[in-house]
Amino acid sequence: MTESAPWKAIRDRKLTERSSRIPPSWRLSSPPSPNTLDVRSIPRSCGILTPHELEITERFDATSLAEAIRSKSLTAEQVTVAFCKRAAIAQQVCNCLTEIFFDKAIERAKWLDQEYQRTGKTVGPLHGVPVSLKDTFKVAGYDASIGIASLAENPARENSLLVDIFLEAGAVLYCKTNIPQTLMALDSDNNLFGRVLNPRNTKLTAGGSSGGEGALAAMRGSVLGVGTDVGGSIRIPAMCNGLYGIKPSYQRIPYVGQENGSKEGASKIGLPASAGPITGSLRDCELFFKVVADSQPWERDPSLVLGDWRHQGEVGSQPVIGVIRRDEIIEPLPPVGAVLEETVQSLRRAGVEVVEIDAPAFRKCQSLANKFFGIDGANYMFDLLEKTEEPLTNWLSTRLRRKSPISPDKLVEIHARKTELETEMLQIWKDPKTGRKIDAIILPVAPHPVPPIDRWNGVSYTSSFVLLDYPAGTLPVRDFKESDMEGEMRDSKPLGNWDKPNRELWDKKTIHRDVYLNSKLSIQVVAPKLQERRLYQAMALIDGIIQQGDQAGKSKL
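What counts as what
Residues numbered from 1 in each chain as written. Predicted model: local features only at pLDDT ≥ 70, side-chain atom pairs only at ≥ 80, totals over all residues. Heavy atoms only, no water. Helix = DSSP H or I, 4+ residues; strand = E, 2+ residues; numbered from the N terminus. Rg over C-alpha atoms; globule rule 2.2 N^0.38 Å. Buried < 20%, exposed > 50% of the residue type's maximum accessible area, 1.4 Å probe, protein only. Pairing = 2+ DSSP bridges. Axes fitted to C-alpha atoms, helices over the stretch in contact; angles between N-to-C directions. Contact = heavy atoms within 4.5 Å. Polar contact = N/O pair within 3.5 Å; in protein donor to acceptor, adjacent residues only side chain to side chain. Parallel < 35°, antiparallel > 145°, perpendicular 65-115°, else oblique. Left-handed = near helix turned anticlockwise from the far one by under 90°. Nonpolar A, V, L, I, M, F, W, Y, C, P; charged D, E, K, R; others polar. Core = buried A, V, L, I, M, F, W, Y, C linked by side-chain atoms within 4.5 Å. Expected span 1.5 Å × (residues − 1). Salt bridge = Lys/Arg side-chain N within 4 Å of Asp/Glu carboxyl O.

Caption draft 1: Layout of the overall build of the protein chain. For the protein chain, the count of helices and strands is 18 helices and 13 strands. Against the globule reference of 24 Å for 557 residues, the protein chain gives a C-alpha radius of gyration of 22 Å, in line with a compact fold. Taking the principal axes of the C-alpha coordinates as reference, the protein chain spans close to 60 × 60 × 50 Å. Burial statistics for the protein chain: of 557 residues in total, 59% are counted as buried.

Caption draft 2: Examining the sheet that holds strand 6 (residues 225-229) more closely. Overall, mixed pairing links the 11 strands, which are arranged 1-3-2-6-8-7-12-13-11-9-10 in an open sheet. Edge positions in the sheet fall to strand 1 (97-100) and strand 10 (353-356), since each of these pairs with one other strand and no more. Strand-to-strand twist of the sheet, defined as the mean angle between neighbouring strand axes without regard to direction, takes the value 30 degrees. Bridge count for strand 9 (residues 320-323) against strand 10 is 4 bridges, and the pairing is parallel.

Caption draft 3: Summary view of the pairing of strand 12 (residues 472-479). In terms of burial, strand 12 is largely enclosed, as 7 of its 8 residues are buried. Sheet topology note: the strand 7 (residues 244-247)/strand 12 ladder contains 3 bridges and is antiparallel. The residue bridging Ile246 from the neighbouring strand is Gly473, located in strand 12.

Caption draft 4: Looking closely at the side chain of Arg108. Of note, Arg108 is situated in helix 6 (residues 102-119). Excluding residues within four positions of it along the chain, Arg108 makes contact with Leu167, Gly170, Ala171 and Val172.

Caption draft 5: Geometry of the environment of Gln537. Note on placement: Gln537 falls in helix 18 (residues 532-555). Looking at Gln537, the relative accessible area reads 24%, which means it is partly exposed. Spatially, the C-alpha atoms of Gln537 and Asp229 are 21 Å apart, while their sequence positions differ by 308 residues. If near-sequence neighbours (up to four positions away) are discounted, Gln537 is found in contact with Glu314 and Val315. At 2.8 Å, the side chain of Gln537 and the backbone nitrogen of Val315 are in polar contact.

Caption draft 6: Just unusual backbone geometry, in detail. Note the cis peptide between Gly208 and Ser209, where omega equals 5 degrees. Following the sequence through the fold, Ser209 ends up in the loop between strand 5 (194-195) and helix 8 (211-218). Not every positive phi belongs to a glycine, and Glu153 is a case in point at roughly 55 degrees. Topologically, Glu153 is positioned in the loop between strand 2 (130-134) and helix 7 (161-168). If you check the backbone angles, Asp469 has positive phi at about 65 degrees while not being a glycine. With respect to the helices and strands, Asp469 occurs in the loop between helix 16 (460-467) and strand 12.

Caption draft 7: Highlighting the packing of helix 12 (residues 365-373) against helix 15 (residues 408-425). As a packed pair, helix 12 and helix 15 sit with axes 11 Å apart at the nearest point and diverge in direction by 150 degrees. Comparing the axis directions of helix 12 and helix 15 gives the class roughly antiparallel. Here the hand of the crossing between helix 12 and helix 15 comes out left-handed. Together, Cys365, Leu368, Lys371 and Phe372 of helix 12 and Ile414, His415, Arg417, Lys418 and Leu421 of helix 15 make up the contact between the two elements. Residues belonging to the contact of helix 12 with helix 15 are distributed by class as follows: 5 nonpolar, 1 polar and 3 charged.

Caption draft 8: Representation of the nonpolar core. In terms of nonpolar packing, the biggest core is built from 119 residues, with Phe102, Leu162, Ile442 and Val525 touching the most fellow members. Here the element with the most residues in this core is helix 5 (residues 76-94); it accounts for 12 residues. Those residues within four positions of Ile442 in sequence are excluded, and the remaining contacts are Ile321, Gly322, Val323, Ile324, Leu340, Thr343, Val344, Leu347, Ile523, Gln524, Val525 and Ile542. Within the second largest apolar cluster, 32 residues are counted, among which are Phe362, Ile414, Leu443 and Tyr461.

Caption draft 9: Structural context of helix 11 (residues 334-349). For helix 11, spanning 16 residues, the distance from its first C-alpha to its last is 22 Å, which sits close to the expected 22 Å at 1.5 Å a residue. Once helix 11 ends, the next one or two residues include Gly351, with phi positive near 90 degrees.

Caption draft 10: Representation of the pattern of salt bridges in the model. Under the counting rule described, the total for this entry stands at 47 salt bridges. Residue Glu99 is joined to Arg21 by a salt bridge in which the shortest nitrogen-to-oxygen separation is 3.7 Å. On the criterion of sequence distance, the pair formed by Glu99 in strand 1 and Arg21 in the loop between helix 1 (6-20) and helix 2 (42-45) is long-range, its members being 78 residues apart. Note that Lys176 and Asp135 form a salt bridge whose closest N and O atoms lie 3.9 Å from each other. With Lys176 in strand 3 (residues 172-177) and Asp135 in the loop between strand 2 and helix 7, this pair connects stretches of sequence that are 41 residues apart. No difference in accessibility class separates Lys176 from Asp135, as the two residues are buried. Residues joined by salt bridges that share partners form a network here, namely Lys14, Glu17, Arg21, Glu99 and Asp143.

Caption draft 11: Representation of the packing of helix 5 against helix 6. Two elements in contact, helix 5 and helix 6, have axes whose closest approach is 8 Å; the angle formed by their N-to-C orientations is 165 degrees. If you check the angle between helix 5 and helix 6, you find them roughly antiparallel. As for the relative orientation of helix 5 and helix 6, their crossing is right-handed in sense. The segment helix 5 lies against helix 6, with Ala76, Glu77, Thr80, Val81, Cys84, Ala87 and Ala88 engaging Phe102, Ala105, Ile106, Ala109, Lys110, Leu112 and Asp113. When the residues that make up the contact of helix 5 with helix 6 are grouped by side-chain class, the tally is 10 nonpolar, 1 polar and 3 charged.

Worth remembering: the numbers are spatial, not functional.
This is how it looks when you write it as structure tokens:
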């Protein structure tokens, strides 16, 4: 790499462009102190937002914003300006944005208000609701560079289909969010835009690859963010930032028209990514799925299956929840096991039947998923990087290499093995003792709490459900407490190569456990393929029981 490598000039121009799109009056007078690890209070203390704008961005979720605009207690312009200002603040403390189009958003909001005044009707169910997008989505007139210099300065000519669906529903699009280089890392860092910081604790990872969405939502700079997931890239940032996030089955939500740094059609022979919501409110996840289903996207995207929201499964009248404690590859650290057990006990106290699930096939999923991730040997991605002499980021530099693409015979072999595993895993959806249907399964999102920057370990707990194509969601449970630092591993011998670095995230010789304080402990909820409504209902059931228990605990204080 030379001193005058082309990617550097592109980076400088992109950073200048991004900075120029934040109005001077929305700029912080000074950056937060390096000693300020939790930056979530800065929007309230900096003086940029008015009291009314603080109320708009802190009191409402997407569902209630849509209702407030319909009832005319708020205007689309008021809401849009408030969230643009808050997103601008979030960018300055978390580096969560890539493309900024606040001016276009405010212009659209004014038009929406005028249309409502003129016709007496809203444009659609998201009339005036701000929606943020992961950088992979194409918005006409703006880059979809995914943090790679050779893809920058080439504005999209048309929108991704899901972008059009949101516009047709009346949404206001105002920004795109930061991602990791190659989209193959669990910490969102790239050479073009830099690293996303976790607003709850800037020493911890914001996750990836939808890390910018997670950080923006945690800062209340977005109430409805759209990410993508092919290994955990919605669920992991949701966990890192204490949010809800759902990865649907890939045939449910339009993915067509996105930039993901691979050849067109490559996902047809690999593991397809899914698009889904990252939100601070669980009911906004349902809003997302309803809006998309009502648009009948299967008529415009041939990869999708027909099915309105009502036909996407449901939880039984007497729900049965399964629990998978571990994947036998990476042993969950004590706080992870503890919060899962707390959830099990809360469900049982509420009268919900919980069944222990034995899933021997589960431990086989990760190694097979890894084979799918390496189908093209990363050659297309390396070609993109080498066009501008762009290096890999530090984390990727020791993990990603150009390799030979997989042979056709090997490809057929791993697809055959995938079918075998999918068939084996169907057994988990029935209680082996009674034959009753298991409505949903709970398990860890990850085997560790939210880790420090660049120390996320394995993805076996999330990528396995991409391989199986099960809808899966992250559900925040509670904050990591001082008492959580006391537990120890029950067995000192690592299970294997993945388990060893995971244990180092708990070993007092290699980490100070108090780094996890102020992070959120979450669980993962999973449902059978293409049953997103069933997943949502299970998450709502569990969330309601957890929230009720939390309120009961607070009332005793």
